[in-house]
Amino acid sequence: MRKLWSGRIQGDQDALFLRLNNSLPIDCRLWREDIQASIAHAGMLGACGIIPSADATIIVEGLEAIRVDLESGDASLPKDAEDIHTAIEVMLGERVGAAAGRLHTARSRNDQVATDTRLFTRSAIDSTRAEIRALQLALLDIAAEHADTLLPGLTHLQHAQPCSLGHHMLAWFQMLTRDDDRLICARKRANVCPLGAAALAGTSFPIDRFRTATELEFDGPMANSIDAVSDRDYILDYLSAAATLMAHLSRMGEELVLWSSPEYGFVTLGDAVTTGSSIMPQKRNPDAAELVRGKSGRVFGDLMAMLTVVKGLPLAYNKDLQEDKELLFDAVDTLSLALPSVRIAVQSATFHPARMAAAMKGDASTATDLADALTRRGMPFREAHRLTGAAVSASEHAGLALENLTAAELRSLLPEGTQGVESLVAVLNASGSAASRTSYGGTSPEEVRKQLKVARADLERRG
């Protein structure tokens, strides 16, 4: 196949270099975006009188026919094309003849690929956000069902304070909300149009860049032609947001792995997201959660690789940027698997409130409530903390569970003369502890239900 640049380089190329240089096996995914941008460009060229309007119509109709045939499978991309831009132009020439040669007027593959990848990234952001929303809705359903279910809240993987399972699900929800915020910002920065910047310096043809930007639903054209062809910040933005999102999904996966172990027993994951063992018949392995946890490293690597690609590039376009698409596609594909996998995992999960309650027995996780109660009586918190710590230590040595202490037992652990010990005993149960955490964003079932209303309203607002 004749190269688009064959007028200058006419000798045969090394076969190994052709494999290195040709990007069609990867950028073939951009055929829809390439046709979309080319239709907008051709229409603008005709409207501005840069090419005959009849030729513009022929080009647009030819491109639309190619799009239909590629969608239906009635046509395929030429395998020996150098890249997707060459492939589409060659197919157009075969269909409409000489008029196809006018399409590349006032543009370069440099602004063409930047436009295509911005269109792809914008669409990928929309798809990722839709998957985030679906997972968030699933989490809200669990939170509503389990607002009153208590489990041990942990710090340092040690029992800390009783928490609502619904509250825990809302913590996951908030992590995803921040991920969505990052993607919203990334989409805004991606939604400007490089088309018409040509190779790097703009063009002498009287093009209308605002027309093509509007046609492609961008907010406007990029202001600097050098920046337009060399910028890949929008890919970095997506990869950065994707890496943080995968870190969050990995943390969720880690907790599902822990909670589904016999030592915890807080949840049983459904058959839809678990596997057995080839040798141990009893096994139920939380593979979906583990795979998501493992695949986070892929997306971290995509981000680091992209940063490495751009870190030393002089302006404007350099062929190093050909690496951007494989990294972008990999992150998009990984998220398209990871997000629904986590959603299906939580939707298929059976939680075990009784096991969660049993795990809090004797864990002294209401000790802070005792210290707070002493503080409300006028004792400095630091002194209350010290006395409570000593009481916990003494109860452990005596083989007594803090939440089961009688008034007499608690009195024996506190300084002589402590008044109202009976009321202090009342704060040592887990449900009372959780119910008392009514501060904004706290874990009380009452507050969790308030948070649920706000969360659902926020999702509705985001659309």
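Look up a bit, the structure's there.
Analysis parameters
Residues numbered from 1 in each chain as written. Predicted model: local features only at pLDDT ≥ 70, side-chain atom pairs only at ≥ 80, totals over all residues. Heavy atoms only, no water. Helix = DSSP H or I, 4+ residues; strand = E, 2+ residues; numbered from the N terminus. Rg over C-alpha atoms; globule rule 2.2 N^0.38 Å. Contact = heavy atoms within 4.5 Å. Expected span 1.5 Å × (residues − 1). Buried < 20%, exposed > 50% of the residue type's maximum accessible area, 1.4 Å probe, protein only. Core = buried A, V, L, I, M, F, W, Y, C linked by side-chain atoms within 4.5 Å. Pairing = 2+ DSSP bridges. Polar contact = N/O pair within 3.5 Å; in protein donor to acceptor, adjacent residues only side chain to side chain. Salt bridge = Lys/Arg side-chain N within 4 Å of Asp/Glu carboxyl O.

Trainee: Run through the overall build of the chain, naming residues and quoting values.
Mentor: Across its full length, the chain carries 19 helices and four strands. Computed over its C-alpha atoms, the radius of gyration of the chain comes to 31 Å, more than 25% above the 23 Å expected for a compact globule of 463 residues. Counting only C-alpha atoms, the chain reaches 100 × 55 × 40 Å along its principal axes. The long-range fraction of contacts in the chain, counting pairs at least 24 apart against all pairs at least 6 apart in sequence, stands at 75%.

Trainee: Quick one: what's the story with helix α4 (residues 53–72), residue by residue and with numbers?
Mentor: With 20 residues, α4 ought to run about 28 Å at 1.5 Å a step, and its terminal C-alpha atoms sit 29 Å apart, in line with that. Listed as buried for α4 are Asp55, Ala56, Ile59, Val60, Gly62, Leu63, Ile66, Asp69 and Leu70. Looking at the packing, one finds that the buried side of α4 touches α3 (31–47) and α5 (84–96).

Trainee: Summarise the nonpolar core; cite the residues concerned and give the values.
Mentor: Proteins that are soluble and globular tend to have nonpolar side chains buried together. Residues Leu70, Trp172, Tyr238, Leu249 and Trp259 are the most contacted members of the largest nonpolar core, which totals 97 residues. Broken down by element, the residue count for this core peaks at 15 residues, all from helix α10 (residues 233–259). Leave out the neighbours within four places in its chain, and Tyr238 touches Thr121, Ala124, Ile125, Thr128, Leu183, Ala186, Leu328, Ala331, Val332 and Leu335. In this structure, Ala367, Ala373, Leu413 and Leu424 belong to the second largest nonpolar core, which totals 18 residues.

Trainee: Give a detailed account of the pairing of strand β2 (residues 158–164), specifying residues and quantitative values.
Mentor: Strand direction decides the pairing type here: strand β1 (residues 150–155) and β2, joined by six bridges, are antiparallel. Across the sheet, residue Pro152 finds its bridge partner in β2, namely Pro162. Joining the antiparallel neighbours β1 and β2 is a turn of two residues, in which His156 adopts a positive phi near 60°.

Trainee: Let's hear about the side chain of Ser108: which residues, and what values?
Mentor: Locating Ser108 in the fold gives a position in the loop between α5 and α6 (109–145). Judged by relative accessible area, Ser108 falls into the buried class, the value being 13%. Reaching out from Ser108, the side chain makes a polar contact with the backbone nitrogen of Asn110 at a distance of 2.9 Å. Sequence-distant contacts of Ser108, defined by excluding residues within four places in its chain, comprise Ala198 and Ala199.

Trainee: Account for α3, with residues named and values stated.
Mentor: Between its first and last C-alpha, α3 extends 24 Å over 17 residues, near the 24 Å set by a 1.5 Å rise per residue. Counting buried positions along α3 yields 13 of 17 residues, so the element is predominantly enclosed.

Trainee: Give a description of the side chain of Ser38 that names residues and reports values.
Mentor: Take Ser38: it is sitting in helix α3. For Ser38, the contacting residues outside a window of four places in its chain are Leu63, Leu103, Arg107 and Gln112.

Trainee: Please give an account of the pattern of salt bridges that cites residues and values.
Mentor: For the structure on display, the rule yields 27 salt bridges. Across the pair Arg109 and Asp83 runs a salt bridge whose closest N-O atoms are separated by 2.6 Å. Placement of the pair is Arg109 in helix α6 and Asp83 in the loop between α4 and α5, with a sequence separation of 26 residues. Since its relative accessible area comes to 22%, Arg109 is described here as partly exposed. Judged by its relative accessible area of 7%, Asp83 is buried. Residues joined in a network through salt bridges with shared partners are Arg129, Asp180, Asp181, Asp458, Arg461 and Arg462.

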